[in-house]
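# Analysis of the macromolecular model
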Amino acid sequence: MIDAGELRTRTRALLEAHPPATTDRADFLKARFDAGLAWVHYPEGLGGLGAPRSLQAVVDAELEAAGAPDNDPRRIGIGLGMAAPTVLGFGTEEQKQRFLRPLWTGEEVWCQLFSEPGAGSDLAALGTRAVRDAESGDWVVNGQKVWTSSAHTARWAILIARTDPDLPKHRGITYFVCDMTDPGVEVRPLRQITGEAEFNEVFLTDVRVPDAHRLGEVGEGWKVAQTTLMNERVSIGGMRIPREGGMIGPVAKAWRDRPELRTHDLHQRLLKLWVDAEVARLTGERLRQQLVAGQPGPEGSGMKLGFARLNQEISGLEVELLGEEGLLYDDWTMRRPELVDFVGREAGYRYLRSKGNSIEGGTSEVLLNIVAERVLGLPAEPRTDKDVAWKDLAR
Ligand SMILES: Cc1cc2nc3c(=O)[nH]c(=O)nc-3n(C[C@H](O)[C@H](O)[C@H](O)COP(=O)(O)OP(=O)(O)OC[C@H]3O[C@@H](n4cnc5c(N)ncnc54)[C@H](O)[C@@H]3O)c2cc1C
């Protein structure tokens, strides 16, 4: 098994062969992937070396110190956080070879075609149909998806669709990779409370998806989707951040820089939230260490829950601290951002955007259900639709 010393040696060799100062960004990233230093815990030949996940930090530190470009993980979060572990877990060798390298380098952006009008929290109720064409073997997909972040920049999508409506809702779903440039894929912007359109509606009309782009077995899509969803919660709630690096940073700065705004009550609340933010940050670290041992578990749901609550409380406190100034908004022009930049914008933006944190990636109420059932072992919600064919469900 590769150790930290060996990884350091390999990283220095990469830097020597491709000096960041004189190497094109994309070329450097490709070379890094090919050297197995992209995600070291992935298999050899797929950007990794089969090393413990925790050793990634050794590589990252060396590269950062040398001023090497990173692959802008926030911009390509859905690909990295959700599509990649699913392709790795369920893809064929051919699919892994095709998709993982450009996904990691950011040459190909991914989006997630899961939610539908009428199938959000109850995702297994989804109605987008995929029907097999007997002649070509392709799947013909029809339906509507909604809240699709980054669909306007994405080349590929992870897509779940119903392939057998005669089975109960959790069965008869199949998981695909959909080419967003294919005929029949229509992306329409949806403007959010922040004024910007970071997500979209996606209409799928007779989209042909080759069977070679199916992930996992026909009808096993729910199982595959679980891998995506568990990784999604970790990727939303468990991003690595330095101390005061998240939402708490701008508030702490405003507190230090603007003594005239201080009150005793705000001080008490800021201290409490600062401690909560630090606890959340360290819990995220622990979660990442647990991941070394395998797939994320229900802890990811707890982490995501805490992240959403904290972001909303901190951004609320910031607006209160800044008073009228906190209500000013920097720019209402319609825009199509490639990433959500929490700290690069005004307090009003943070306040409004953090509202989505308790909805995206699974609502807080549903995550509480998961924690209640899978962590605390409390009785499950009654499910009357468990054994009823999807086509017979009331809609
Ligand atoms: C910023 C943002 C980005 C998103 N990006 C994507 C994306 O890229 N791709 C994608 O596929 N989806 C995306 N989503 C969609 C998101 O996953 C869904 O909005 C979410 O799953 C909730 O579904 P819903 O909106 O249909 O609400 P509903 O499921 O209709 O829920 C409405 C309310 O009922 C509550 N509720 C529902 N069921 C239960 C229950 N069993 N117990 C208790 N309370 C319950 C919910 O918590 C919520 O408060 C995004 C959402 C946001 C806000």
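- The name given to the protein in an unreviewed UniProt entry is Acyl-CoA dehydrogenase, and the organism recorded there is Streptomyces venezuelae.
- The UniProt entry for the protein carries the following comment under Cofactor (unreviewed entry): "FAD".
- Recorded under Sequence similarities (unreviewed entry), the UniProt text for the protein is reproduced unchanged: "Belongs to the acyl-CoA dehydrogenase family."

## Description of the packing of helix H9 (residues 299-322) against helix H12 (residues 364-375)
- Running from amino to carboxyl end, H9 crosses H12 at an angle of 145°, the nearest separation of the two axes being 9 Å. For the pair H9 and H12, the sense of crossing is left-handed. Every residue of H12 that contacts H9 at Ser301, Gly302, Lys304, Leu305 and Ala308 is listed here: Ser364, Leu367, Leu368, Ile370 and Val371.
- For the contact of H9 with H12, a count of residues per class yields six nonpolar, three polar and one charged.

## Quick look at the state of the cysteines
- What the rule picks out here adds up to zero disulfides.
- For the unlinked cysteine Cys111, the closest cysteine sulfur is that of Cys178, found at 7.8 Å.
- What makes Cys178 buried here is its relative accessible area of 1%.

## Considering the nonpolar core
- In this structure, Trp39, Trp110 and Met180 are the most contacted members of the largest nonpolar core, which totals 54 residues.
- Residue assignment places this core across two domains, with domain 1 (1-70) and domain 2 (110-219) each supplying three or more.

## Some words on the site of the ligand
- Taken together, 18 residues form the shell around the ligand, and within it Ser115, Ser121, Trp147, Thr363 and Glu365 come nearest.
- In this structure, an oxygen atom belonging to the ligand sits 3.1 Å away from a main-chain N or O atom of Phe114.
- Within the side chain of Ser115, a nitrogen or oxygen atom sits 2.7 Å from a nitrogen atom of the ligand.
- For the ligand, whose accessible area on its own is 990 Å², the fraction buried by protein is 69%.
- Among the elements that take part in the shell around the ligand, H12 stands out by supplying three residues, more than any other.
- Residues lining the shell around the ligand come from more than one domain, with at least three contributed by each of domain 2 (110-219) and domain 3 (226-376).

## Details of helix H5 (residues 93-105)
- The terminal C-alpha atoms of H5 lie 19 Å apart, and with 13 residues this matches the ideal 18 Å at 1.5 Å per residue to within 8%.
- Of all the residues in H5, the buried ones are Gln95, Lys96, Phe99, Leu100, Pro102, Leu103, Trp104 and Thr105.
- At its buried positions, H5 is contacted by helix H2 (25-34), helix H4 (77-90), strand E1 (110-113), strand E4 (156-162), strand E5 (173-179) and strand E8 (214-215).
- Just beyond H5, the residue with positive phi is Gly106, at close to 90°.

## Things to note about the packing of aromatic side chains
- Using the criterion set out here, one finds ten aromatic pairs in the structure.
- For the pair Phe99 and Trp110, a centre-to-centre distance of 5.4 Å together with 85° between the ring planes defines the contact as edge-to-face. Of this pair, Phe99 sits in helix H5 while Trp110 sits in strand E1, and the two are eleven residues apart along the sequence. For the pair formed by Phe99 and Trp110, the shared burial category is buried.
- The rings of Phe33, Trp39, Tyr42 and Trp104 are connected pair by pair, giving a single aromatic cluster.
- The ring of Phe203 is capped by Arg188, whose NZ or CZ atom sits 4.1 Å from the centre of that ring.
- A cation sits over an aromatic face here: Lys355 above Tyr351, 4.2 Å from the ring centre.

Here is what the cut-offs are and how they apply
- Residues numbered from 1 in each chain as written.
- Predicted model: local features only at pLDDT ≥ 70, side-chain atom pairs only at ≥ 80, totals over all residues.
- Heavy atoms only, no water.
- UniProt positions renumbered as here; feature names shortened; annotations may be inferred.
- Axes fitted to C-alpha atoms, helices over the stretch in contact; angles between N-to-C directions.
- Helix = DSSP H or I, 4+ residues; strand = E, 2+ residues; numbered from the N terminus.
- Left-handed = near helix turned anticlockwise from the far one by under 90°.
- Contact = heavy atoms within 4.5 Å.
- Nonpolar A, V, L, I, M, F, W, Y, C, P; charged D, E, K, R; others polar.
- Disulfide = S-S within 2.5 Å.
- Buried < 20%, exposed > 50% of the residue type's maximum accessible area, 1.4 Å probe, protein only.
- Core = buried A, V, L, I, M, F, W, Y, C linked by side-chain atoms within 4.5 Å.
- Domains from an automatic or database assignment.
- Near = heavy atom within 4 Å.
- Polar contact = N/O pair within 3.5 Å; in protein donor to acceptor, adjacent residues only side chain to side chain.
- Areas by Shrake-Rupley, 256 points an atom, 1.4 Å probe, with all protein chains shown as cover.
- Expected span 1.5 Å × (residues − 1).
- Phe/Tyr/Trp six-rings, centres within 6.5 Å; stacked < 30°, edge-to-face > 60°.
- Lys NZ or Arg CZ within 6 Å of the ring centre and 35° of its normal.

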